[in-house]
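Below, each chain spelled out in residue letters.
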Amino acid sequence: MTDETRAPLALTMGDPAGIGLDVTLDAWTRRDALGLAPFLFIGDPAVLAERARLLGFDVPIAEADHRSAAGLFARSLPVFPIACPAPVTAGTPDSANAPAIIGAIQTAVQMTLASQTAAVVTNPIAKSVLYAAGFRFPGHTEFLAELGSVARNTPLLPIMMLAGPKLRAVPVTIHIPLKDVPGLLTADLIYRTAVITAADLKARFGLAAPRLAIAGLNPHAGESGALGLEDDAIIRPVVERLQAEGIDAVGPLPADTMFHDRARATYDVALCMYHDQALIPAKALGFDDSVNVTLGLPFIRTSPDHGTAFGIAGQRQDGRTIARADSLVAALRMARTLADTERAAIESAA
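Where an unreviewed UniProt entry is consulted, the protein chain appears under the name 4-hydroxythreonine-4-phosphate dehydrogenase, with the organism given as Rhizobium quercicola. Taken directly from UniProt, the Subunit (unreviewed entry) text for the protein chain runs: "Homodimer." According to its UniProt record, the protein chain has this under Pathway (unreviewed entry): "Cofactor biosynthesis; pyridoxine 5'-phosphate biosynthesis; pyridoxine 5'-phosphate from D-erythrose 4-phosphate: step 4/5."

Encoded structure:
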């Protein structure tokens, strides 16, 4: 199957005042050198064209849909138009544009659920901008899970995974204060997170028997209760249950010895108990090329592992954009690979 016959990726615009537009334009201009598969940008074509002018990019922009995007991609950047209600200034977010930001996400999900596009790749949003317009979700991931839940008429547990060349890491609890982690860290949450992670690594990453390394909560994994009871009381029984069900899981492991080279060679993914336990090693080992992958959804979703970076949006230095497109490129490549792997598995099972 060629690029022109495969469904394109759906790439959302994110916050149009941020660097999402910058890195999208940069990636498209280097599409051949980078070997990028076609994507359909979902957002405002006029705003994208203005950002191209501001950054000095010669990028032809063509309004398109999922049927025409792949054929146009070699000579122009295909855009499914969703207009921003308010003028856009690079670096200056405006909550008046929240409906367009949200609409781009909804459209990408609808297209992908309908198999018109192969996966959803999301440019970064600023939650505070959306909150000011009444957005009721903690972030991107929870909103995507709601869209998937409605489409499938079943509740979903979205799992955030940071995936880079050297490490895949999953935080079991995510955007909550550290003081609240012990109270929210239940055996059921750890178990469901592990099961969903293992299933997606099989179905979409092509790992026949994923190896899970499960971190402890406390220093030294509690040191037999001397440094906390959660590791032996909550985490260890979950690991034993996973093992009994045939999932290759080990733990609870002391987090301070999980991430050196020899340790990482023994597992495929690290399940961590809280946000920074997962994201600090993930970003230290792959700051520019790690990808945010959401597991547990009825569609593939990847995202660059950075924010809107309003402070550098629309700016150039030394002949190139200040914003680096590495993470977006990695997200696009991973989305294409995951979609192809999932499709091949479905076809071989048919």
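Colleague: Is there a simple way to think about the overall build of the protein chain in this case?
Modeller: The helix and strand inventory of the protein chain stands at 13 helices and 14 strands. For the C-alpha atoms alone, the extent of the protein chain along its principal axes is close to 60 × 45 × 40 Å. Residues counted as buried form 54% of the 350 residues belonging to the protein chain. As displayed, the protein chain offers around 14700 Å² of accessible surface, 54% of which is attributable to carbon and sulfur atoms. Here the protein chain holds 29 positive side-chain charges and 36 negative ones, and the gap between their average locations is 3 Å.

Colleague: Help me understand the pairing of strand β12 (residues 301-304), please; the structure alone is not making it clear to me.
Modeller: Successive side chains on a regular strand alternate, one facing one side of the sheet and the next facing the other. Taking every second residue as pointing to the same face, both faces of β12 are buried, with Arg301 and Ser303 on one and Thr302 and Pro304 on the other. With two bridges joining them, strand β5 (residues 120-122) and β12 adopt parallel strand pairing. Its bridge partner lying in β12, valine 120 is registered against arginine 301. Pairing geometry for strand β11 (residues 291-295) and β12, over four bridges, is antiparallel. The residue of β12 that forms the bridge with valine 293 is threonine 302.

Colleague: Can you help me understand the layout of surface pockets in this one?
Modeller: Summary: where empty space remains is shown by rolling a probe the size of a single water molecule over the atoms. Approximately 430 Å³ is the volume found for the largest pocket. The wall of the largest pocket is formed by 22 residues, among which Lys127, His140, His175, Asn292 and His306 lie closest to the centre. Of all the secondary-structure elements, those providing two or more residues to the lining of the largest pocket are α7 (140-152), α12 (275-286) and β12. Of the residues contributing to the lining of the largest pocket, the split by class is seven nonpolar, ten polar and five charged.

How each quantity is defined
Residues numbered from 1 in each chain as written. Predicted model: local features only at pLDDT ≥ 70, side-chain atom pairs only at ≥ 80, totals over all residues. Heavy atoms only, no water. UniProt positions renumbered as here; feature names shortened; annotations may be inferred. Helix = DSSP H or I, 4+ residues; strand = E, 2+ residues; numbered from the N terminus. Buried < 20%, exposed > 50% of the residue type's maximum accessible area, 1.4 Å probe, protein only. Areas by Shrake-Rupley, 256 points an atom, 1.4 Å probe, with all protein chains shown as cover. Lys, Arg positive; Asp, Glu negative; His and termini not counted. Charge placed at Lys NZ, Arg CZ, Asp CG, Glu CD. Pairing = 2+ DSSP bridges. 1 Å grid on protein atoms, 1.4 Å probe; cavity = no way out; pocket = protein on both sides within 12 Å on 5 of 7 lines; lining within 4 Å. Points joined across faces, edges and corners; volume = space filled by probe spheres on them. Nonpolar A, V, L, I, M, F, W, Y, C, P; charged D, E, K, R; others polar.

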